[in-house]
Amino acid sequence: MVAVVDAKIDRWRTFKGGDLLPEQVVLIRQMILNAPVQGFLACIVEIKSMNRRPTNPTIIAPTLVTFGEENFGNKLQKAYELSEAAPNARTELIRDAAQLRKH
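Residues numbered from 1 in each chain as written. Predicted model: local features only at pLDDT ≥ 70, side-chain atom pairs only at ≥ 80, totals over all residues. Heavy atoms only, no water.

### Some remarks on the overall build of the protein
Here is step 1: Broken down by element type, the protein carries four helices and two strands.
Here is step 2: Ordered by position from N to C terminus, the α and β elements of the protein give α-α-α-β-α-β.
Here is step 3: Along the three orthogonal principal directions, the C-alpha set of the protein runs to about 40 × 30 × 20 Å.
Here is step 4: Across the 103 residues in the protein, those meeting the buried criterion constitute 22%.
Here is step 5: Sequence separation of at least 24 residues holds for 73% of the intrachain contacts in the protein that already meet a minimum separation of 6.
Here is step 6: About 7,700 Å² of surface is accessible on the protein, with carbon and sulfur atoms providing 59% of the total.
Here is step 7: Looking at charge distribution, the protein has the averaged site of its 14 positive side-chain charges lying 3 Å from that of its 11 negative ones. (Helix = DSSP H or I, 4+ residues; strand = E, 2+ residues; numbered from the N terminus. Buried < 20%, exposed > 50% of the residue type's maximum accessible area, 1.4 Å probe, protein only. Contact = heavy atoms within 4.5 Å. Areas by Shrake-Rupley, 256 points an atom, 1.4 Å probe, with all protein chains shown as cover. Lys, Arg positive; Asp, Glu negative; His and termini not counted. Charge placed at Lys NZ, Arg CZ, Asp CG, Glu CD.)

### Structural notes on a positive patch on the surface
Here is step 1: A surface patch of positive charge is lined by Arg11, Lys48, Lys75 and Lys78.
Here is step 2: For lysine 48, a relative accessible area of 76% puts it in the exposed group. (Patch = residues over 30% accessible without salt bridge, like charges linked within 9 Å, V, L, I, M, F, W, Y side chains within 5 Å. Salt bridge = Lys/Arg side-chain N within 4 Å of Asp/Glu carboxyl O.)

### Quick word on a nonpolar patch on the surface
Here is step 1: On the surface, Val37, Leu41 and Ile44 cluster together to form a nonpolar patch covering roughly 230 Å² of accessible area.
Here is step 2: Following the sequence through the fold, isoleucine 44 ends up in helix 3 (residues 37–49).
Here is step 3: Judged by relative accessible area, isoleucine 44 falls into the partly exposed class, the value being 35%.

### Digging into the pairing of strand 2 (residues 89–94)
Here is step 1: Across six bridges, the pairing between strand 1 (residues 63–68) and strand 2 is parallel. Each residue of the ladder has a partner; that of valine 65, found in strand 2, is threonine 91.
Here is step 2: You can see the chain leave strand 1, run along helix 4 (residues 76–85) and come back into strand 2, and the turn it takes is right-handed. (Pairing = 2+ DSSP bridges. Right-handed = clockwise from strand over helix to strand, strands pointing away.)

### Quick notes on the nonpolar core
Here is step 1: One finds Val5, Ile9, Trp12, Leu21, Val25, Ile28, Ile32 and Phe40 forming the largest nonpolar core, which totals eight residues.
Here is step 2: Contributing elements (two or more residues each) for this core: helix 1 (2–12) and helix 2 (22–34).
Here is step 3: Leave out the neighbours within four places in its chain, and phenylalanine 40 touches Met1, Lys8, Ile32 and Ala35. (Core = buried A, V, L, I, M, F, W, Y, C linked by side-chain atoms within 4.5 Å.)

### Let's talk about the confidence of the model for the protein
Here is step 1: Summing up the model confidence of the protein, the mean pLDDT is 85 and the portion of residues at 70 or higher is 91%.
Here is step 2: Between the elements of the protein, mean pLDDT differs from a low of 83, seen in helix 1, to a high of 93, seen in strand 2. (pLDDT = per-residue confidence, 0-100.)

This is how it looks when you write it as structure tokens:
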């Protein structure tokens, strides 16, 4: 896990933001390091193959789908597909954000 943890976290934050969330980054880094390798890999495989699109229209709660403009690990189109399928949803693009953002 030591070999991949920093590269993984760097995909979730912007280089412009750098160290805006040091406590959260330390916590997430430690969680990844403590995760069993098999469990971590199983989660990656499951998330990559996950398809929740058929159930999106059943989301009835008002939903805000956020997407960081520097989130290169996901596709913006998927965020729009979710907000278009769920009856009370909308998508907001967040500037200078990847997956982690200081609020």
